[in-house]
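Chain residues, written in single-letter form:
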Amino acid sequence: MRKLTFPLAWSLFLDDIASSHYRLLQMTQAIMMVFIITLTLASESVQNHLSLNMANLLGADAVISTFGALPDSHIEQLKAQSNAFIFTQSIKTTLTYKERWQSVTLKAVGNSYPLKGQLQVSDALDQAPYPPLSPPTPGTLWIDSRLASSLGVDVGERLSISRLSLVVSHIVQHEPDRLLEGHNVDMRALLHKDDFNKLGFSDDNIEYRYQMNANDAQLKRIVAYQNSTLLSTQLRHRNGEHPLALFWQRTENFIGLASVLLLFMASIAIFQISRLQIKKEQFFAAVCMSVGASRTQGFYISLVKWVLHLLLLFPVVLIVATLSHWALVSWLSDSLASLHWKPNIATTVFSFIGCALLVALFQLPVWLSLKHASVRQLVFNLPTKKRSFLSVLCTLVAITFVTFSYSDNGLLTTMVLGSMASCIFLIAIVSWLSLALGETITKRYSGLIPFTTFMMRKRLVSKSTQIMGVGLCAFLLLFTLMLLRDLGNTMHSYNRQFDGNLVISQANEKQMDSVMQWANEHDAQLRQRKPFVYATLTRINQQRLDDFATRPSESLATFKQAIRLHWTDNLPANNKVISGQWWSDDAQQWQQVSVEQEVLTDLGLNIGDVLTFAIAGRAVEFTIAASHAYIPGAGSMTFWVQMPASAMSHIVAPYYVMASLEVSEANLASLGILYKQHPSLRMISIREMTQRFDDTLALVTQIISGFALIIVCLACIVIVSSVLTYEQRERKKNSVIMSFGLPRRLCLTLNLIEWVITGSIAAFGAMFGTWLAGVLIYQSQFSMTYQPDFGWLATALCIIVLTVVLIGYLASKRSLSSTIRELLTD
């Protein structure tokens, strides 16, 4: 028998290829593998790009950045540990030209700039770049091409910054030290330090970047000095991590977490098909045992056959994943200029092996079912034992593994998976209740609908599984498309209602006085006004931030920069206390803070933990006394960390104000008055915010569209697999109906009614799940109340039902071709 293991496995393999249910299984596994392998290859390409980018765009061997100048003693220490040393200064400001203005990042450089690399400039927008002989000289300004186009300015013309007028002498095409800008897309301008100092900007608003060339030994000493003394600064060096590394890792985690949804859908199809597989495998094992083979030999044959199926999948998955990788890299190259496609067979093979282990987990219930195969079962045609519990358990293990591997936001992950679970639970309850009530109400009557509900009720478990599969697919499709569609409208209407159409993100007291004077003159309404100081989190429970929080998250990435620390005694109207206790108005203990609940979850913080902030160069410790969360209805201006007002009597630091106003469209054009008086005033209109959001939305739409396409494919597979699973029963039902002399078209009508009921219940559950996900995620992630478009929802409902009916009918055509002879044969 052992000699026949491979020939028998090969024969069964050829037989499986000819069966429709196995082709569906192969298609499901191929889609899942292509998605995971493409993600892995793209991640490797981006990581390689970031390593190359790190070497080319750092501008030095090490760069320390901080807001406000370092004391002279620290600068002398850094100079002593380096072979060459320079610094640049930059600030976000506004340039004006005639009646136009544009927010830019203005960078001041000295005569020794750049330390490493080469500047590239041109004398006009349409001319070729070349390296200049020296950096900008006093009285001149270099601007990038986008800024020149935005303001409509040419080389030789003058631009104004406050009261200083500078001549545009060159167009900047390349800066060798742009690495720390990350994915920042601000427009840029360069000028000489002497001109920059004439502008009189507040030092705490200026970002200093100290650039150093150093050998490996010096670099280690710089890193040690920064870790021990300059905790509120940021250090990047040639041997360190790229600034975009965490950003890309979070992006990869998000896509990987989305694969949980695809994995869940694929598991539904595999679960349905495995019922047919178990029956077939047990039948063959019983046949082998009837001729003297052991149960173990039957298992070996099944294992070899499974390996043959994997070998068949490998070239298909390899080709499709490689093409998908090439397409994805080509698309990403628009944002990452030096990103190039390069095939990697080794990574592909290792990824395929990992996917094969995941597929083996789904195959495990089939193999374990062979333990229950027996000759008695073959002779007496006994029903096979179902391994539903084991199949569900394997699915949950796989989903749990992927979730914990990719999740970097526990709250968001819980909400997404909770919405899925709620959707499944609702569909199960509605399907059971509707079918049970439908049969109870209509059992006294005759007709097609009462008969259909009766038949569906008799197959309650199978129909519920089918409805849940279809409903989950519809939920995921609505979740990815409808929420994306509603996001822009919801953001605009909510922000305009509570925040006005002009947001001031940073203004000092003098600037705010000018803003209020301008608002009174132009009949603008102040909506919100909240003070804050800038603070950098350096330690948690006396541990460095990087040592305490090791998992990448949005909170960690934000806390590595200076955050806005707000002070207030009264709980803001748009916040609620989740845990702990808010302080009173006359709080004597000022070293306490309330932290946003999501931040606590992301960073693993607890009430009572000690946070050390660097504020204006001084370390200040706070104890977490409470956690708060955002509630809609009183504006979206909220803060991650808040402290008592009494703390400001102990903190010596410049403070700023965030505010929002409602300004008429006509008066928005006169904002240039404020920009000329205060070029460092940071304002943004809702129109500009909407444009930025639309640009981001367009990018996300492309990703979501590809993701939705995969969902549609898997949804079709789920429907078809559910039909194939119960095809034999359907054929028997249709044969019985025709044996009473009823026409075949009656079977078609019953089938269509059944699919309409299935699609309606599934669509209802999907719509509820989408609404629940919208309510939870909009409030938590976007600080807004979700306002669904019910007209669009109704349209989606009709489309889902019609699609389910059409696919269900096409998949059921073979069962509708049954005959009375087949009934007699059975």
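How each quantity is defined
Residues numbered from 1 in each chain as written. Predicted model: local features only at pLDDT ≥ 70, side-chain atom pairs only at ≥ 80, totals over all residues. Heavy atoms only, no water. Helix = DSSP H or I, 4+ residues; strand = E, 2+ residues; numbered from the N terminus. Contact = heavy atoms within 4.5 Å. Areas by Shrake-Rupley, 256 points an atom, 1.4 Å probe, with all protein chains shown as cover. Axes fitted to C-alpha atoms, helices over the stretch in contact; angles between N-to-C directions. Left-handed = near helix turned anticlockwise from the far one by under 90°. Nonpolar A, V, L, I, M, F, W, Y, C, P; charged D, E, K, R; others polar. Salt bridge = Lys/Arg side-chain N within 4 Å of Asp/Glu carboxyl O. Buried < 20%, exposed > 50% of the residue type's maximum accessible area, 1.4 Å probe, protein only. Expected span 1.5 Å × (residues − 1). Arc of directions from axis to C-beta. Polar contact = N/O pair within 3.5 Å; in protein donor to acceptor, adjacent residues only side chain to side chain. Patch = residues over 30% accessible without salt bridge, like charges linked within 9 Å, V, L, I, M, F, W, Y side chains within 5 Å. Phe/Tyr/Trp six-rings, centres within 6.5 Å; stacked < 30°, edge-to-face > 60°. Core = buried A, V, L, I, M, F, W, Y, C linked by side-chain atoms within 4.5 Å. Pairing = 2+ DSSP bridges. Bend = angle between axes of the 7 residues up to and from the residue.

**Here's the deal with the overall build of the protein**
A count of helical and extended segments in the protein gives 25 helices and 21 strands. Taking as baseline every contact in the protein between residues at least 6 positions apart, the subset at least 24 positions apart corresponds to 83%. As presented, the protein carries roughly 37700 Å² of accessible surface, and 61% of it is formed by carbon and sulfur atoms.

**A short note on the packing of helix H8 (residues 295-332) against helix H9 (residues 345-369)**
Here H8 crosses H9 at 145 degrees, and the two axes come no closer than 11 Å. As H8 packs across H9, the resulting crossing turns out to be right-handed. Two secondary-structure elements touch here, H8 through Phe299, Ser302, Leu303, Trp306, Leu310, Leu313, Phe314, Val317 and Leu318 and H9 through Ile345, Thr348, Val349, Phe352, Ala356, Val359, Ala360, Gln363 and Trp367. Residue classes in the contact of H8 with H9 are distributed as 15 nonpolar, three polar and no charged.

**Observations regarding the pattern of salt bridges**
Summed over all chains, the structure comprises six salt bridges. Glutamate 175 serves as the salt-bridge partner of lysine 107, at 2.6 Å between the closest nitrogen and oxygen. Placement of the pair is lysine 107 in strand E3 (residues 100-109) and glutamate 175 in the loop between strand E7 (164-174) and strand E8 (187-192), with a sequence separation of 68 residues. Taking the relative accessible area as the measure of exposure, lysine 107 reaches 2% and is therefore buried. Note that glutamate 207 and arginine 209 form a salt bridge whose closest N and O atoms lie 3.5 Å from each other. Residue glutamate 207 shares its accessibility class with arginine 209, and that shared class is buried.

**A few points about the environment of valine 320**
Here valine 320 shows up in helix H8. The class for valine 320 is partly exposed, based on a relative accessible area of 36%. Residues valine 320 and alanine 30, spaced 290 residues apart in sequence, show a C-alpha to C-alpha distance of 9.2 Å.

**Considerations on helix H6 (residues 216-228)**
Over its 13 residues, H6 runs 19 Å from end to end, which matches the ideal 18 Å to within 8%, given 1.5 Å per residue. For H6, the complete set of buried residues consists of Gln218, Leu219, Ile222, Tyr225 and Gln226. Buried residues along H6 cover an arc of 125 degrees about the axis, so they all sit on one side. Along H6, exposed side chains directed more than 90 degrees from the buried face belong to Lys220 and Ser228. On its buried side, H6 packs onto strand E1 (62-67), helix H3 (72-80), strand E9 (207-213) and strand E10 (234-237). Where H6 starts, the residue carrying a side-chain oxygen 3.2 Å from the main-chain nitrogen of alanine 217 turns out to be asparagine 215.

**Focus: unusual backbone geometry**
Residue proline 114 follows tyrosine 113 across a cis peptide bond; omega there is 0 degrees. Relative to the assigned elements, proline 114 resides in the loop between E3 and strand E4 (120-122). Even without a glycine there, the phi angle at asparagine 541 is positive, about 55 degrees. Turning to its location among the elements, asparagine 541 is positioned in the loop between strand E12 (525-540) and strand E13 (543-544). Of note, glutamine 542 is a non-glycine position whose phi angle comes to about 70 degrees, a positive value. Secondary-structure assignment places glutamine 542 in the loop between E12 and E13.

**So, a nonpolar patch on the surface**
A contiguous nonpolar surface patch, about 460 Å² in accessible area, is contributed by Phe6, Trp10, Leu14, Ile17 and Leu312. Tracing the sequence through the fold places isoleucine 17 in helix H1 (residues 5-18).

**Regarding the packing of aromatic side chains**
Evaluation of the coordinates by the stated rule reveals 15 aromatic pairs. Aromatic side chains phenylalanine 196 and phenylalanine 201 sit 5.7 Å apart centroid to centroid with 50 degrees between the ring planes, which places their arrangement in the tilted category. There is no split in this pair, since phenylalanine 196 and phenylalanine 201 are both buried. With a centroid separation of 5.8 Å and 40 degrees between ring planes, the pair formed by phenylalanine 559 and tryptophan 640 is classed as tilted. Here phenylalanine 559, found in helix H17 (residues 554-559), pairs with tryptophan 640, found in the loop between strand E18 (618-630) and strand E19 (641-643); they are 81 residues apart in sequence, far enough to count as distant.

**Here's the deal with the nonpolar core**
Among the nonpolar cores identified, the biggest contains 63 residues, and Met32, Met33, Ile37, Val317 and Phe475 are the most heavily contacted of them. In this structure methionine 32 touches Leu263, Ala266, Leu358, Val359 and Phe362, once residues within four positions along its chain are discounted. If you look at the next biggest cluster of nonpolar residues, it comprises 40 residues, including Tyr97, Ile171, Met212 and Ile222.

**Thoughts on the pairing of strand E2 (residues 84-97)**
Here E2 lies mainly inside the structure; 11 of its 14 residues are buried. Both E2 and E9 contribute to a ladder of seven bridges, which runs antiparallel. Among the inter-strand pairings, serine 90 is bridged to a residue of E9, identified as glutamate 207. By the bridge criterion, nine bridges tie E2 to E3 in an arrangement that is antiparallel. By the bridge assignment, glutamine 89 is partnered in E3 with alanine 108.

**Describing the environment of threonine 140**
By the element assignment, threonine 140 lies in strand E5 (residues 140-144). A relative accessible area of 15% means that threonine 140 is categorised as buried. Along the sequence, threonine 140 and serine 165 sit 25 residues apart, while their C-alpha atoms lie 8.9 Å from each other. Within the structure, threonine 140 has its side chain in polar contact with the backbone oxygen of threonine 137 (distance 2.6 Å).

**Structural notes on H9**
Taking 1.5 Å as the rise per residue, H9 with 25 residues should run 36 Å; its terminal C-alpha atoms sit 36 Å apart, in good agreement. The largest bend along H9 measures about 45 degrees and falls at glutamine 363, with the proline proline 365 one to four residues further on. By the N-cap criterion, in which a side-chain oxygen at the helix start approaches the backbone nitrogen of a residue two or three places on, H9 is capped by asparagine 344, the distance to alanine 346 being 3.3 Å.

**What to know about the pairing of strand E11 (residues 502-507)**
By the criterion of burial, E11 is predominantly enclosed, with five of the six residues buried. As defined by bridge partners, E11 adjoins strand E20 (residues 656-662) across four bridges and the pair is classed as antiparallel. Bridged to isoleucine 504 within E20 is alanine 659. Taken together, the four bridges between E11 and strand E21 (residues 682-685) define a ladder with antiparallel strand orientation. What sits directly across from leucine 502, in E21, is serine 685.

Function cannot be inferred from these measures alone, as they are strictly geometric.
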